[in-house]
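Below are the chains, spelled out letter by letter.
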Amino acid sequence: MKKIIKKLLLGKVSINVQPEYNHIQKRLHNIQSIWNNEHQEDNGIEKIVRLLLASSQLLFPGIYLKYWARKKGVEYQYLTLDCYILLKVIFPILILVNQWQNYQFVIWILVYIFLETVFYIPTLIFASDLFSKPRSYKRSMLLLFFNYLEIAFAYAVFYSSGNFLNKSFNHWFDAVYFSIVTSSSVGYGDFFPVTLTGKVLVTTQALLFLFFIILFLNFFSTKVKTKGYFDHENDQ
């Protein structure tokens, strides 16, 4: 049973070859590369944004979890990252179900891990000069979908943490429903913001998903190459 679970979660375990840099060193080296214009002749606001994005990851736990798990092996690194992302998806749901949004420190914890996700994807695309391509673009798209859920659920917590809308939520899933409807720009009209804070939340969520989903999903989808069942027939 242990072998089955290990095969399921880790797949084909490769020989553990230590990289030239660990993840923290690589991030610092990447910041230095951007500063010295080693791979891109940028300046002004573009360079400032790229430096801020590259530096931001040092403020969050994700990079340190990868550093710790990489000592065990590259497969454990990916598995640890998968588990961390799933926990970030589950955390806002736990807040909603248990009504923990009434505790301010819980909201601040959620904001902290929420910002990690918000900064991570643009960092991968715009500020990773020295990073190699991902192990699998399909995996990256799958994790991007979980990032979408995480942000949608986080906004659901934000909406339920105050009287920002025209009426209160009767069930915790009402907040999730409104968040996803807002992110898709549908707007059925049963819930709508009536305070400045509510309008700011709705506006930022709409802008964030317009930027996050359309731009980045399009970026990753152009990298995916699939070979389906009917393609194998053509090889015969």
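Going by the annotation in an unreviewed UniProt entry, the name recorded for the chain is Ion channel, with Flavobacterium micromati given as the source organism.

Colleague: Break down the UniProt feature "transmembrane region" (unreviewed entry) in the chain for me, with residues and values.
Modeller: Those places that UniProt annotates as "transmembrane region" (unreviewed entry) correspond, in this numbering, to residues 76-97, 103-128, 140-159 and 200-220. Structurally, residues 140-159 comprises 100% helix and 0% strand, and the distance from its first C-alpha atom to its last is 29 Å.

Colleague: Pulling in residues and values, what's your account of the side chain of Lys47?
Modeller: Structurally, the position occupied by Lys47 is in helix 3 (residues 44-56). There is no salt bridge for the buried Lys47, and the closest opposite charge comes from Asp42, which lies 5.2 Å off by N-O distance. Filtering out sequence-adjacent residues up to four positions away, Lys47 remains in contact with Ile34, Trp35, Asn37 and Asp42.

Colleague: So what about the packing of aromatic side chains? Which residues, and what values?
Modeller: Tallied over the full model, the rule gives 16 aromatic pairs. On the numbers, 5.6 Å between centres and 85° between planes, the contact of Phe114 with Tyr155 is edge-to-face. Of the two residues, Phe114 is situated in helix 6 (residues 104-126) and Tyr155 in helix 7 (residues 137-160); the sequence distance between them amounts to 41 residues. In terms of burial, Phe114 and Tyr155 fall into one category: buried. Each ring, one from Phe169 and one from Phe191, has its centre 5.1 Å from the other, and the planes form 50°; the classification is tilted. With Phe169 in the loop between helix 7 and helix 8 (172-183) and Phe191 in the loop between helix 8 and helix 9 (196-221), this pair connects stretches of sequence that are 22 residues apart. Ring pairs connect the aromatic residues Phe114, Tyr155, Phe158, Tyr159, Phe169, Tyr177, Phe178, Tyr188 and Phe191, which therefore count as one cluster.

Rules and cut-offs
Residues numbered from 1 in each chain as written. Predicted model: local features only at pLDDT ≥ 70, side-chain atom pairs only at ≥ 80, totals over all residues. Heavy atoms only, no water. UniProt positions renumbered as here; feature names shortened; annotations may be inferred. Helix = DSSP H or I, 4+ residues; strand = E, 2+ residues; numbered from the N terminus. Buried < 20%, exposed > 50% of the residue type's maximum accessible area, 1.4 Å probe, protein only. Lys, Arg positive; Asp, Glu negative; His and termini not counted. Salt bridge = Lys/Arg side-chain N within 4 Å of Asp/Glu carboxyl O. Contact = heavy atoms within 4.5 Å. Phe/Tyr/Trp six-rings, centres within 6.5 Å; stacked < 30°, edge-to-face > 60°.

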